[in-house]
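Notes for the structure review
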Amino acid sequence: MTSLVSSWSALSDLGRSALEWFAGWGRIILFSAKLLVLALSPSSYRGPNLAALARHLVNDTAPILLWFTLLTSIISLVIIHIVVVTSVSYGLSRFALEMVVRVLVLELIPLTAAMFVALRCALPNAAEISLLNARGVFDGTSANYAEPLQREILPRVMSVTFSVLLLAAVSCVVAAALAYVWVHGLTAGGIASYTRTFGRVFSPALSLIFTLKTLGLSLAVGLIPIASVLYDRPNPRLRTSAELRGLVRLFFMILLIEIASLVGNYV
Amino acid sequence: MSNEPTPGSRTSESLEFRAALLVGLLVVLFAASAAYLLYARGVFEPSQRLVLLSDDAEGVTVGMDLTFAGFPIGRVRGIELSADGTTRIIIDVPRKDARWLRESSVFTLTRGLVGNTNLRAFSGVLSDPPLPAGAERRVLVGDATAEIPRLVSETRDLIRNLTQLTSTDSALAATLGNLQSASERIKGPRGALGVLFGNDADAQKLVVTLDRTNALLARIDGLAAKADQQVFGAEGLMPEARAAIVQLNAALLEARESLKKIDAILVDAQAIAGNARAASTDLAALRAEIDANLRKVSGMMDEVNRRWPFAKPAEIKLP
């Protein structure tokens, strides 16, 4: 009798957790829709909102742009070297460049940029929002509910999204240039074949999936940590903080996006 | 009250400018990447269409290259299955590269062992008319892996045949056994002849025949030596025949001289005959003249007789 009761209790706990988990995702989607509406509103780009947006944009992107590019360049060089040497040793050197472009530009760099910005910017922003929330800044009973969202949350979300996009774009361009130089050397003779390889890799479908993936990653990194700290209810049974739960949600979403992108590209 | 910008507003303007720079950088990167991709996909390049027909387009993918002499000159834009089950591989060839394709060009689709597929064009006669836009050509399929099952099957047959050949009850083994017994008999007193005839008596007959043939050949040899002496010896037929021929030649020369003389005589006779013909012509004129004179004399005698008193009847006595 006791074991039956405990099993029922565990089952109901599991069901409640699952419901809360799905309800949390529902609140995040709702929150994202609100922010999207605010992002399309011209009033979000006027006066103090514009200044806040500019401040977050610069603070979240400029300090990390250079050394993230440097870091990805070094990692890219290592991966390019490994791929090229392996391809040559198996007599498949003509596929090396295509493989480098696929591995680096299509897969690794957008993912790395998203993870990097999530850890470097999104989580601190979420912690700040959590503090503001604790002070009741985003209290729903306030007369002007949209104003704190426009001033505090939208700039942070947009700056993080922008940061992911810019870091990914710059790193992709640098990695593509490094791959060319590594394979062909400092000569313009290989530009035609390299361009042709690029064109062959980036078919319309793959380009669309790549764009959607990068956009999805950047939006996920911008939205999910902040939405989690705002809408995840404190759970006394869990010893993790709201920021950490947000990070788990973010990684889960990144995993989903990656799987969807891989399925779209290669299946 | 002053209108000078405060440090806070200056900072805000600076931040906005830097943010604008970052946004501008992102926009430029996006625009440049999009333009480069469109260029790489050949959107800005005028091209003409080529359709390759094949029974099987396995391994052909959209975006793969059509190469000529190792250089990519076209790109697969689509693969269709026509109503009659033929595969249509649609290829865009840039106009600047279309000059390598001629009416007589041959297209091949080759599949390697590691799965790579290649579309190649071969133009043997570059002076032929250029390939028109939208042309449809059959593609020759060369599949290295398609040969493997047939090769394996034939190899299996070969091995089965070899096994049958080398088994203990096979024809080859029996033949080898016979060969061994034959070689044993070759080593015997009759040697290979005993193997050929199967028994010693027949082999002995052949030996006797050979001996008699040798003796016959020796006699024929002596006969030939004598005949040679008779024909070609110092007193043989040949020297006499040669002397007779020399004499015959001398006689022929003399006959030729005689004939020449006869020819000359005949020429003279011909001239005499000509003169005689001319003389007989003159003789006729002379006779006519004599006839005329005789008539005149006759007429004169008739006149004299008429006038003469002792005329006698007119009678002329010709000598």
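Residues numbered from 1 in each chain as written. Chains lettered and ligands numbered in written order. Predicted model: local features only at pLDDT ≥ 70, side-chain atom pairs only at ≥ 80, totals over all residues.

Some words on the overall build of chain A
Where we set the bar: Elements are defined by DSSP. Helices are runs of H or I of four residues or more, strands are runs of E of two residues or more, and each kind is numbered from the N terminus. With C-beta atoms placed from the backbone, a residue is buried if 20 or more other C-beta atoms are within 10 Å of its own, exposed if 12 or fewer are, and partly exposed between those counts. A residue pair is marked as a contact if its C-beta atoms, positioned from the backbone, fall within 7 Å.
Along the backbone of chain A there are seven helices and zero strands. Each helix and strand of chain A, placed in order from N terminus to C terminus, yields the pattern α-α-α-α-α-α-α. Scored against the burial criterion, the 267 residues of chain A give a buried share of 37%. Long-range contacts, defined as pairs at least 24 residues apart, comprise 84% of the intrachain contacts of chain A with a sequence gap of at least 6.

Points about the overall build of chain B
On a plain count of helices and strands, chain B comes out with six helices and seven strands. The long-range share in chain B, meaning contacts at least 24 apart out of those at least 6 apart in sequence, stands at 52%.

Examining the confidence of the model for chain B
Residue and element names in this part refer to chain B. Stated formally: As a per-residue measure, pLDDT tells how confident the predictor is, with possible values from 0 to 100.
Here chain B averages 84 in pLDDT, while 91% of its residues score no lower than 70. The spread of mean pLDDT over the elements of chain B runs between helix H4 (residues 191-197), the lowest at 75, and strand S4 (residues 87-94), the highest at 92. Both scores are given for the predicted complex: the pTM is 0.64, the ipTM 0.86.

Focus on unusual backbone geometry
Residues and elements named next belong to chain B. If you check the backbone angles, alanine 69 has positive phi at about 55° while not being a glycine. Inspection of the secondary structure puts alanine 69 in the loop between strand S2 (65-68) and strand S3 (71-81). By C-beta crowding, alanine 69 is classed as exposed, having 10 other C-beta atoms within 10 Å.

What to know about the nonpolar core
Our working definition: We define the nonpolar core as any set of buried residues of the types Ala, Val, Leu, Ile, Met, Phe, Trp, Tyr and Cys, connected via C-beta atoms lying within 7 Å of each other.
Residues Val101, Val117, Val164 and Val221 of chain A are the most contacted members of the largest nonpolar core, which totals 71 residues. Put simply, the parts of the chain that give this core at least two residues each are helix H1 (2-40), helix H2 (47-89), helix H3 (96-134), helix H4 (146-184), helix H5 (191-201), helix H6 (204-231) and helix H7 (242-266) of chain A together with helix H1 (7-40) of chain B. A total of 19 residues in this core trace back to one element, the largest contributor, which is H4 of chain A. Among all residues touching valine 101 of chain A, those that are not within four sequence positions of it are Leu106, Ala176, Ala179, Thr197, Phe198 and Val201 of chain A. One finds Ile73, Ile89, Val93 and Leu119 of chain B within the second-largest nonpolar core, a separate group that totals 17 residues.

Section: the packing of H3 of chain A against H5 of chain A
Helix-helix packing is described using two parameters, namely the angle between the two axes and the distance between the axes. Residues and elements named next belong to chain A. Our working rule: Every axis in this analysis is a line fitted to C-alpha atoms, fitted for helices over the stretch in contact. Angles between the N-to-C directions lie between 0 and 180 degrees. Oblique is the label for any angle not under 35 degrees, not over 145, and not in the 65 to 115 range, which are roughly parallel, roughly antiparallel and roughly perpendicular in turn. Note on convention: near helix rotated counterclockwise from far helix by under a right angle means a left-handed crossing. Clockwise means right-handed. Residue type decides the class: Asp, Glu, Lys and Arg count as charged, Ala, Val, Leu, Ile, Met, Phe, Trp, Tyr, Cys and Pro as nonpolar, and the leftover types, Gly among them, as polar.
Packing of H3 against H5 brings their axes to within 10 Å, and their N-to-C directions diverge by 50°. In terms of orientation, H3 and H5 fall into the oblique class. Judged by the twist between their axes, the crossing of H3 over H5 is right-handed. On the side of H3, the interface is formed by Leu97, Glu98, Val101 and Arg102, while H5 contributes Tyr194, Thr197, Phe198 and Val201. Partitioned by chemical class, the residues of the contact of H3 with H5 number five nonpolar, one polar and two charged.

What to know about the pairing of S3 of chain B
Residue and element names in this part refer to chain B. Using the following cut-off: The pairing criterion for strands is at least two bridges between them, as found by DSSP.
Relative to S3, S2 runs antiparallel, the two sharing four bridges. Bridged to phenylalanine 68 within S3 is phenylalanine 71. Turn length for the S2-S3 hairpin, with the two strands adjacent in sequence and antiparallel, is two residues, and the turn residue alanine 69 shows positive phi of about 55°. Pairing analysis gives six bridges linking S3 to S4, with the strands arranged antiparallel. Paired with glycine 78 across the two strands is isoleucine 90, which belongs to S4.

Here's the deal with the interface of chain A and chain B
Taken residue by residue, the interface counts 22 residues in chain A and 18 residues in chain B. Those elements that provide at least two residues to the side of chain A that touches chain B are H2, H4 and H5 of chain A. Counted by class, the side of chain A that touches chain B contains 14 nonpolar, five polar and three charged residues.

Brief notes about the environment of glutamate 128 of chain A
Residue and element names in this part refer to chain A. With respect to the secondary-structure elements, glutamate 128 resides in helix H3. Taking the C-beta count within 10 Å as the criterion, glutamate 128 has 14 such neighbours and is therefore assigned partly exposed. In this structure the C-alpha to C-alpha distance between glutamate 128 and glutamate 152, which are 24 residues apart in sequence, comes to 9.5 Å.

Overview of the packing of H3 of chain A against H6 of chain A
Residue and element names in this part refer to chain A. The geometry of H3 relative to H6 is characterised by a closest axis approach of 8 Å and an angle of 20° between their N-to-C directions. Between H3 and H6, the crossing angle belongs to the class labelled roughly parallel. Helix-helix and strand crossings are classified by hand; for H3 and H6 the assignment is right-handed. Contact with H3, carried on its side by Leu106, Pro110, Ala114, Val117, Ala118, Ala122, Leu123, Asn125, Ala126, Ile129, Ser130 and Asn133, involves Phe210, Lys213, Thr214, Leu217, Ser218, Val221, Gly222, Pro225, Ile226, Ser228, Val229 and Leu230 of H6 and no other residues of that element.

A short note on the environment of threonine 86 of chain B
All names here are of chain B. With respect to the helices, strands and loops of the structure, threonine 86 is situated in the loop between S3 and S4. A residue is classified by how many C-beta atoms lie within 10 Å of it, and threonine 86, with 15 of them, is partly exposed. For the pair threonine 86 and aspartate 56, spaced 30 residues apart in sequence, the C-alpha to C-alpha distance is 7.6 Å. Setting aside its immediate chain neighbours within four residues, threonine 86 contacts Leu53 and Asp55.

Overview of H2 of chain A
All names here are of chain A. For the record, the criterion: For a helix, the expected span equals 1.5 Å multiplied by the number of residues minus one. Note that bend, as reported per residue, equals the angle between axes fitted to the 7 residues terminating at that residue and the 7 residues originating from it.
In this model H2 runs 60 Å from its N-terminal to its C-terminal C-alpha over 43 residues, within 8% of the 63 Å that 1.5 Å per residue would give. Approximately 45° is the largest bend angle found in H2, and it occurs at leucine 65. Immediately downstream of H2, the backbone of glycine 91 shows phi near 70°, a positive value.

Concerning H3 of chain A
All names here are of chain A. The first and last C-alpha atoms of H3 sit 53 Å apart over 39 residues, in line with the 57 Å expected at 1.5 Å per residue. A maximum bend of about 45° is found in H3 at alanine 118. Backbone geometry just downstream of H3 places glycine 136 in the positive-phi region, at approximately 85°.

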